[in-house]
Amino acid sequence: MDEKNSTSQRENLADQVMQNPQALAALQERLENVSRTPSSYIETLPKSVKRRINALKQLQVKCANIEATFYEEVHELERKYAAFYQPYFNLRHEIVSGQVEPTDEECEWHSDSEEEEKLAEEVKNKATLDDKQEKVQDNQELVQEDSPKGIPDFWVTIFKNVDMLSDLIQEHDEPILKHLQDIRVKFSGPNEPMSFTLEFHFEANEYFSNSVLTKVYKMKSEPDHADPFSFEGPEIVDCEGCSIDWKKGKNVTIKTIKKKQKHKGRGTVRTITKQVPNDSFFNFFSPVKASGDGNTMDEDSELCLASDFEIGHFFRERIVPRAVLYFTGEAIEDDSFEETEEGEEEELEDDDDEVDSDNKV
């Protein structure tokens, strides 16, 4: 009985709406607003207005071209200031490799922890001259006997601390990476196509004869003619590795497997050896080539290339400029904090949306 009354009421309400021009017009307007999109709205505009919109798009393309020029000049500034950073990076390399021993003054670093400073001051006040002399003697003996050269495993520790890089490192890579002495970034020169080169400097080792392994990242800083409005600044478009001159039996990027084959007619079995690719960090220097002939790359190749570009950018922007902080883990904590902040902000925005939707009638 209740269902029949409810159905009857809805039918009466629908009849009233259909008979009321104002109510019908309001309903129609509401439906149009719901279904309306920016593109559908543009389609309704007069031709004269569409013509002016096209003029604005032409202006937008010119702005994008100015933005591209801006980023080219930023690249020139990066190249200029790289020369100012390099003396400090060179000294970092000399300290890490043990070529230079920093002075006591250079080794002073004030901790943010007041308790550590207070404790150090108390120890200093209690120490006698004899104790100091004995400590100096002990320290000299310790330096002579046990102190390692420079900062051992500096770069391989950084690689293992950063998830993006540690995923690439295999157990057989670590002994080789212990010979890595420095990583440098070189920017393309004036009037050259925009690019940067990562240089991995190795000491003499038993694995390969190269002293430097390189990876060049080619960049593009101009709007795409087919889609100029997608331009958001320079992007890496391709990369080139280098040949590694592996010493005999030391190439970790390939492995030899044995495979048994059975002759169909005679039934005899023979064992053959075959070389197949092997997972290794050093595959980094043999990247997937970007498709420049218009052919579509498969999904795996696209993902691999995108990951390669991301790693190259991370070396340039984070690892090389702030190496010591990735060695100690401080930079990793900062990165994690930034990610957490972003996640919390997105979560709060989602919560706000839920509140707004709940308050709507």
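Coordinates for the structure precede this section.
This structure is a prediction, so every number in the text was calculated from the model and none was measured.

Novice: Break down the sheet that holds strand E4 (residues 235-240) for me, with residues and values.
Specialist: Paired through backbone hydrogen bonds, the strands of a sheet run either parallel or antiparallel to each other. Read from one edge of the open sheet, 4 strands run E1-E2-E3-E4, paired in antiparallel fashion. The sheet is open, and its two edges are formed by strand E1 (180-187) and E4, each paired on a single side. Within this sheet the neighbouring strands show an average axis-to-axis angle of 20°, counted without direction. Where strand E3 (residues 212-220) and E4 come together, 5 bridges link them in antiparallel fashion. The partner of Met219 across the bridge, within E4, is Ile236. Relative to the sheet, helix H4 (residues 47-97) contacts E1 and strand E2 (195-202), its axis offset from that of E1 by approximately 170°. Against the sheet, helix H8 (residues 154-161) touches E1 and E2, its axis set at about 70° to E1.

Novice: Run through the side chain of Asp173, naming residues and quoting values.
Specialist: Topologically, Asp173 is positioned in the loop between helix H9 (163-166) and helix H10 (174-177). No salt bridge is formed by the buried Asp173, whose closest oppositely charged neighbour, Lys160, lies at an N-O distance of 11 Å. If sequence neighbours within four positions are ignored, Asp173 has contacts with Leu168, Val252, Ser280, Phe281 and Phe282.

Novice: An account of a negative patch on the surface is requested, with residue identities and associated values reported.
Specialist: Where like charges cluster on the molecular surface, the negative patch consists of Glu72, Glu73, Glu222, Asp224, Asp227 and Glu235. Structurally, the position occupied by Asp224 is in the loop between E3 and E4.

Novice: Which residues make up the nonpolar core, and what values do they have?
Specialist: The biggest cluster of nonpolar side chains holds 46 residues, and the ones touching the most others in it are Phe159, Phe200, Phe282 and Phe315. The element best represented in this core is helix H11 (residues 299-319), accounting for 6 residues. Excluding anything up to four places from it in sequence, Phe282 contacts Asp173, Ile176, Leu177, Phe202, Phe208, Leu213, Ile244, Trp246, Val252 and Thr253.

Novice: Tell me about the packing of aromatic side chains, and name the residues and values.
Specialist: Counted under the stated rule, the structure contains 25 aromatic pairs. Between Phe200 and Phe285 the ring centres are 5.2 Å apart and the planes differ by 90°, which places this aromatic pair in the edge-to-face class. Of this pair, Phe200 sits in strand E2 while Phe285 sits in the loop between strand E6 (269-277) and H11; the two residues are 85 residues apart in sequence, bridging distant segments of the chain. No difference in accessibility class separates Phe200 from Phe285, as the two residues are buried. Residues Phe284 and Phe315 carry aromatic rings whose centres are separated by 6.0 Å and whose planes lie at 55° to one another, so their mutual orientation is tilted. Of this pair, Phe284 sits in the loop between E6 and H11 while Phe315 sits in helix H11, and the two are 31 residues apart along the sequence. Accessibility expressed as a relative area gives 6% for Phe284, which makes it buried. A relative accessible area of 0% means that Phe315 is categorised as buried. Three or more aromatic residues link up through ring pairs in this structure, and these residues are Phe159, Phe200, Phe202, Phe208, Trp246, Phe281, Phe282, Phe284, Phe285 and Phe315. If you follow Lys215 out to its NZ or CZ, it ends over the ring of Phe284, 3.4 Å from the centre. Looking at Arg316, its charged tip hangs above the ring of Phe196, at a distance of 4.9 Å from the centre.

Novice: Let's hear about H4: which residues, and what values?
Specialist: Compared with the 75 Å implied by 1.5 Å per residue over 51 residues, the 70 Å span of H4 between its first and last C-alpha is a close match. Taking the largest bend as the criterion, H4 deviates by roughly 40°, centred on Tyr85, and proline Pro87 comes between one and four positions later. Buried residues of H4: Ala64, Ala68, His75, Ala82, Gln86, Phe89, Arg92, His93, Val96 and Ser97, and no others. For H4, the secondary structure elements touched by its buried residues are H8, E1, E2 and helix H12 (323-328). Just downstream of H4, Gly98 is the residue with a positive phi angle, here 85°.

Novice: Before we move on, can you summarise a nonpolar patch on the surface with the specific residues and values?
Specialist: Taken together, the side chains of Leu77, Tyr81, Phe84 and Tyr85 present a nonpolar region at the surface, about 450 Å² in accessible area. Using a relative accessible area of 47% as the deciding quantity, one classes Leu77 as partly exposed.

Novice: Describe the pattern of salt bridges, naming the residues involved and giving the relevant values.
Specialist: This structure, assessed with the given rule, holds 12 salt bridges. Lys215 is paired through a salt bridge with Asp308; the nearest N and O atoms lie 3.0 Å apart. Of this pair, Lys215 sits in strand E3 while Asp308 sits in helix H11, and the two are 93 residues apart along the sequence. An identical accessibility class is assigned to Lys215 and Asp308; each is buried. Notably, a salt bridge pairs Arg316 with Glu317, separated by 3.0 Å at the nearest N-O pair.

Novice: How would you sum up unusual backbone geometry? Please name residues and give values.
Specialist: The backbone phi angle of Asp153 is positive, close to 55°, even though this residue is not glycine. Within the secondary structure, Asp153 sits in the loop between helix H7 (129-145) and H8. Look at Asp153 and you get partly exposed, because its relative accessible area is 31%. Phi at Asn191 is positive, roughly 65°, even though this residue is not glycine. With respect to the element layout, Asn191 can be found in the loop between E1 and E2. Accessibility expressed as a relative area gives 84% for Asn191, which makes it exposed.

What counts as what
Residues numbered from 1 in each chain as written. Predicted model: local features only at pLDDT ≥ 70, side-chain atom pairs only at ≥ 80, totals over all residues. Heavy atoms only, no water. Pairing = 2+ DSSP bridges. Helix = DSSP H or I, 4+ residues; strand = E, 2+ residues; numbered from the N terminus. Axes fitted to C-alpha atoms, helices over the stretch in contact; angles between N-to-C directions. Contact = heavy atoms within 4.5 Å. Buried < 20%, exposed > 50% of the residue type's maximum accessible area, 1.4 Å probe, protein only. Lys, Arg positive; Asp, Glu negative; His and termini not counted. Salt bridge = Lys/Arg side-chain N within 4 Å of Asp/Glu carboxyl O. Patch = residues over 30% accessible without salt bridge, like charges linked within 9 Å, V, L, I, M, F, W, Y side chains within 5 Å. Areas by Shrake-Rupley, 256 points an atom, 1.4 Å probe, with all protein chains shown as cover. Charge placed at Lys NZ, Arg CZ, Asp CG, Glu CD. Core = buried A, V, L, I, M, F, W, Y, C linked by side-chain atoms within 4.5 Å. Phe/Tyr/Trp six-rings, centres within 6.5 Å; stacked < 30°, edge-to-face > 60°. Lys NZ or Arg CZ within 6 Å of the ring centre and 35° of its normal. Expected span 1.5 Å × (residues − 1). Bend = angle between axes of the 7 residues up to and from the residue.

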